[in-house]
Amino acid sequence: MNDFIHDYVRIDGQRLHCVIAGEGKPVLLIPGWPQTWYAWRHVMAALAANGYQAVAIDPPGSGHSDRPAGGYDTGAVATTLHRAMLALGHAQYDVVGHDIGMWVGYALASDFPQAVTKLALTEAVIPGLAPAPPIFVAPSDNIFLWHFMFNQVLDLPEMLTAGKEREYIRFIFDRWSYRRDKVAVDVYADAYATPGALRAGFAYYRAIPETIKQNLERAKKSLAMPVLAIGADHATNDAPLLTMQGKADNLQGAIVAECGHFIMEEQPEAFIAHLLPFLAGEKSGNNA
């Protein structure tokens with residue numbers, strides 16, 4: 001990590017924090033909630049060692065990036081991240097997205113197909129592409145679903161988590177990880193305990209209706225670039241692949257074993273073993 005370079009770009013006055021490693025073809029890495037760029041540290045080192053330039057970003061509202069009042073639908077965020085890559089000198093790049101980063105990655109690839117050359121998505125379903133889950137599900141399923149409704153409620157989440165931000169974030173990692181000892185929980189708990197961080201995180205969920213509206217339009221046209229969808233056996237499993245079926249012309253899928261939701265930290269070697277061949281143009285996982 002001594003070779004990681006921290007940089008900032010400004011888009012319409014909004015400060016975005018980026019961390020860069022290596023030289024070569026750029027790969028944009030988009031973390032999900034409730035993580036920051038730091039979730040990609042192992043992947044960044046592997047990319048840099050294999051001739052890529054890894055660009056891990058704190059999306060708007062997270063990490064060391066600014067926390068604007070609005071603009072958290074995936075179309076707005078994708079536009080901001082694309083403009084950030086242009087500001088860094090990258091007109092074309094690969095994209096890897098995790099969790100909400102998977103939502104944003106899909107929007108980027110759909111809205112800027114001339115820029116995104118390959119797309120790897122992991123550990124999420126995408127609003128508007130995947131069917132909405134039922135309200136009444138088994139507890140083992142609900143532990144991965146309850147936050148979708150809670151985080152969208154106005155004001156109540158902020159009131160209940162005020163002063164207990166770290167406890168709330170640790171609860172998420174306790175329940176969603178399979179190898180919790182591998183995950184930098186305290187880094188993220190501290191990040192989301194800073195003023196405005198949870199409010200901004202909730203804003204991504206409150207923007208889901210707008211994101212669904214956009215995705216219903218995006219889904220009318222299949223993605224032309226190669227797409228890799230990776231799940232974890234103790235989390236979304238094959239849901240990322242199923243979500244993207246019929247939405248990409250060249251789709252591959254893979255499932256990482258003995259792994260929870262935070263796949264890049266829990267099983268970095270296995271994740272990288274799928275990602276690197278895909279970025280190199282080789283087959284990874286199964287065609288779909």
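Residues numbered from 1 in each chain as written. Predicted model: local features only at pLDDT ≥ 70, side-chain atom pairs only at ≥ 80, totals over all residues. Heavy atoms only, no water.

**As for the overall build of the chain**
Of the regular secondary structure elements, the chain holds 13 helices and 9 strands. Rg of the C-alpha trace for the chain: 17 Å, near the compact-globule value of 19 Å for 288 residues, within the 12% margin. Principal-axis analysis of the C-alpha atoms places the extent of the chain at approximately 45 × 40 × 40 Å. Here the chain holds 288 residues, and 55% of them are scored as buried. Here the contacts in the chain between residues at least 6 apart in sequence split such that 75% fall between residues at least 24 apart. Here the chain displays about 11,900 Å² of accessible surface, and carbon together with sulfur accounts for 55% of that area. (Helix = DSSP H or I, 4+ residues; strand = E, 2+ residues; numbered from the N terminus. Rg over C-alpha atoms; globule rule 2.2 N^0.38 Å. Buried < 20%, exposed > 50% of the residue type's maximum accessible area, 1.4 Å probe, protein only. Contact = heavy atoms within 4.5 Å. Areas by Shrake-Rupley, 256 points an atom, 1.4 Å probe, with all protein chains shown as cover.)

**Examining the nonpolar core**
Grouped together as the largest cluster of nonpolar side chains are 99 residues, with contacts concentrated most on Leu28, Leu29, Met44 and Leu108. No other element matches the 8 residues that helix H3 (residues 100-111) contributes to this core. Look past the residues within four positions of methionine 44 in its chain and what remains in contact with it is Phe4, Val19, Ile20, Ala21, Leu29, Trp37, Ala54 and Ala56. (Core = buried A, V, L, I, M, F, W, Y, C linked by side-chain atoms within 4.5 Å.)

**Examining helix H10 (residues 208-218)**
Since the α-helix turns once every 3.6 residues, residues separated by three or four places project in the same direction. If you check which residues of H10 are buried, you get Ile208, Thr211, Gln214, Asn215 and Arg218. Down the axis of H10, the buried set is contained in an arc of 120°. They therefore lie on one face. The exposed set on the far side of H10, more than 90 degrees from its buried face, consists of Pro209 and Lys213. On its buried side, H10 packs onto helix H2 (74-87), H3, helix H5 (146-150) and helix H9 (197-206). (Arc of directions from axis to C-beta.)

**Observations concerning unusual backbone geometry**
Cis geometry is adopted by the peptide bond preceding proline 34, which originates at tryptophan 33 and carries an omega value of 0°. Tracing the sequence through the fold places proline 34 in the loop between strand S3 (25-30) and helix H1 (41-49). Look at aspartate 12: it is not a glycine, yet its phi comes out positive at around 50°. With respect to the element layout, aspartate 12 can be found in the loop between strand S1 (5-11) and strand S2 (14-21).

**Thoughts on the UniProt feature "domain: AB hydrolase-1" (unreviewed entry) in the chain**
UniProt's feature table lists "domain: AB hydrolase-1" (unreviewed entry) at residues 25-266, given in the numbering used throughout. As a span, residues 25-266 carries 42% helix and 16% strand, and end to end its C-alpha atoms are 26 Å apart. (UniProt positions renumbered as here; feature names shortened; annotations may be inferred.)

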